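# Remarks on the overall topology
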Amino acid sequence: MRITCPLCGTRDRREFYYYGDAVYADRPAGGAAPAAWDDYLHLRDNPAGETRDLWYHEAGCSAWIEVTRNTVTHAILSTRLVAERGGTDGAAPKPRTKGKSA
Amino acid sequence: MARLIEKTPCEALLPVTCGALSLREVVGDRITSVAPFRGQATKLAAALKKLGLSWPEPNSANAKNGASIVWTGRDQAFLIGADPDSLAGHAALTDQSDGWARIRLEGPGAADVLARLVPVDLRGFEPGQALRSQLGHMMMVLTAPAPGAFEIMVFRSMATTAVHELHHAMKAFAARSAV
Ligand SMILES: [Zn+2]
């Protein structure tokens, strides 16, 4: 499996560390309702199909990357820097597409 | 008062040769991490220009009169072999001079030696390019100081392992070439 780092280019999977669902980057604002925190902390989709998650280019440039990939075909569909996706620090996240079943 | 003994990172380990391949240590240059402050890109570029350098795009490096600047990550580069004082105020400057082991590998087949340790295709890697990847399991900064030559930077604490792995790969490559 190879992942395209937006900075370094296409690299072997061994250079990357997997963190988890990209929802981790959409932290609720400080005063958000408990239900929003419950969702953020505990509830995850488990799609058969397209999903987004966070990867760290640990053995490369040290950038955090959002990877859109397909859990059925293992295809890497797109990548972008977490720094460029928005939605951090309680700011309104960009709309997130729910995983589709294949 | 303690008497401290100054040693280079690869002291007593290098140089080594293997056929026409050589591995030697590069020492003595000041290394400064440069991380631009927000909104300071233009002033930083002007200060670098006075050193004959320019801010490196990802995966690139440039050099002038013994000084060089190497891309090392998002919004970060290493200034090597130059006084960083003129960049003050435009970027966060951190002295890294004693933190890295710098090892130069050159000779015919150098790229084949690294192919055993680095998960990136280095055939065609040439001066002006720079990359972050792995040497075995070690984080690495790689540049090409001259055509056919590689400069490998690893954390100083990894110097012995890096030399061991490189020398092992050199011997294996030489043995395979002799078959
Ligand atoms: Zn990278």
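Going by the structure above, here's the rest.
To start, this report covers the structure provided alongside it. (Residues numbered from 1 in each chain as written. Chains lettered and ligands numbered in written order. Predicted model: local features only at pLDDT ≥ 70, side-chain atom pairs only at ≥ 80, totals over all residues. Heavy atoms only, no water.)

## Details of the overall build of chain B
Scanning chain B from terminus to terminus reveals three helices and eleven strands. The order of helices and strands in chain B, counted from the N terminus, is β-β-β-α-β-β-β-β-β-α-β-β-β-α. On C-alpha atoms alone, chain B measures out to a radius of gyration of 17 Å, which is about the 16 Å that the 2.2 N^0.38 rule sets for 179 residues. Overall size of chain B, expressed as C-alpha extent along the three principal axes, is 55 × 50 × 30 Å. (Helix = DSSP H or I, 4+ residues; strand = E, 2+ residues; numbered from the N terminus. Rg over C-alpha atoms; globule rule 2.2 N^0.38 Å.)

## So, the overall build of chain A
Broken down by element type, chain A carries one helix and six strands. Starting at the N terminus, the α and β elements of chain A follow one another as β-β-β-α-β-β-β. Counting only residues that meet the buried cut, chain A has 37% of its 102 residues in that class. (Buried < 20%, exposed > 50% of the residue type's maximum accessible area, 1.4 Å probe, protein only.)

## Observations regarding the side chain of B:Arg102
All names here are of chain B. With respect to the helices and strands, the residue Arg-102 is situated in strand S8 (residues 100–106). Within the structure, Arg-102 has its side chain in polar contact with the side chain of Asp-29 (distance 3.0 Å). Those residues in contact with Arg-102 that sit more than four places away from it in its chain are Arg-24, Glu-25, Val-26, Asp-29, Ile-31, Ile-80, Glu-151, Ile-152 and Met-153. (Polar contact = N/O pair within 3.5 Å; in protein donor to acceptor, adjacent residues only side chain to side chain. Contact = heavy atoms within 4.5 Å.)

## Describing the coordination of the zinc ion
Residues and elements named next belong to chain A. For the zinc ion, every protein donor is listed as Cys-5 (SG), Cys-8 (SG), His-57 (ND1) and Cys-61 (SG), and the spread of their distances is 2.1 to 2.5 Å. With four donor atoms in place around the zinc ion and angles of 103 to 117° between them, the coordination shape is tetrahedral. Every donor residue of the zinc ion comes from the same chain, spaced as C-x2-C-x48-H-x3-C. One exposure class covers both His-57 and Cys-61, and it is buried. (Donors = N, O, S within 2.8 Å, 3.2 Å for Na, K, Ca; no water. Tetrahedral: all angles 85-135°; square planar, octahedral: opposite > 155°, others 65-115°.)

## A look at the packing of aromatic side chains
Evaluation of the coordinates by the stated rule reveals nine aromatic pairs over all chains. Ring geometry for B:Phe78 against B:Trp100: centres 5.4 Å apart, planes inclined by 70°, an arrangement best described as edge-to-face. Here B:Phe78, found in strand S6 (residues 76–80), pairs with B:Trp100, found in strand S8; they are 22 residues apart in sequence, far enough to count as distant. The same class applies to B:Phe78 as to B:Trp100, namely buried. Ring centres of B:Trp100 and B:Phe155 lie 5.0 Å apart, and the angle between their planes is 50°; on these two criteria the pair is classed as tilted. Of the two residues, B:Trp100 sits in strand S8 while B:Phe155 sits in strand S11 (residues 149–155), which places them 55 residues apart along the sequence. Residue class for B:Trp100 comes out buried when judged on its relative accessible area of 8%. An aromatic cluster of three or more residues is present, and its members are A:Tyr19, A:Tyr24, A:Trp37, A:Tyr40, A:Tyr56 and A:Trp64. Its guanidinium or amino end placed over the ring of A:Tyr24, A:Arg44 lies 4.6 Å from that ring's centre, counting from NZ or CZ. (Phe/Tyr/Trp six-rings, centres within 6.5 Å; stacked < 30°, edge-to-face > 60°. Lys NZ or Arg CZ within 6 Å of the ring centre and 35° of its normal.)

## Let's talk about the sheet that holds strand S4 (residues 50–56) of chain A
Residue and element names in this part refer to chain A. Ordered in space as S3-S4-S5-S6, the four strands form an open sheet in which the pairing is antiparallel. The open sheet has two edge strands, strand S3 (17–21) and strand S6 (76–81), and neither has a second partner. Taken pair by pair, the neighbouring strands of this sheet meet at an average axis angle of 30°, ignoring direction. Here S4 runs beside strand S5 (residues 64–70); their pairing, made up of seven bridges, is antiparallel. Bridging across to S5, Glu-50 finds its partner in Asn-70. (Pairing = 2+ DSSP bridges. Axes fitted to C-alpha atoms, helices over the stretch in contact; angles between N-to-C directions.)

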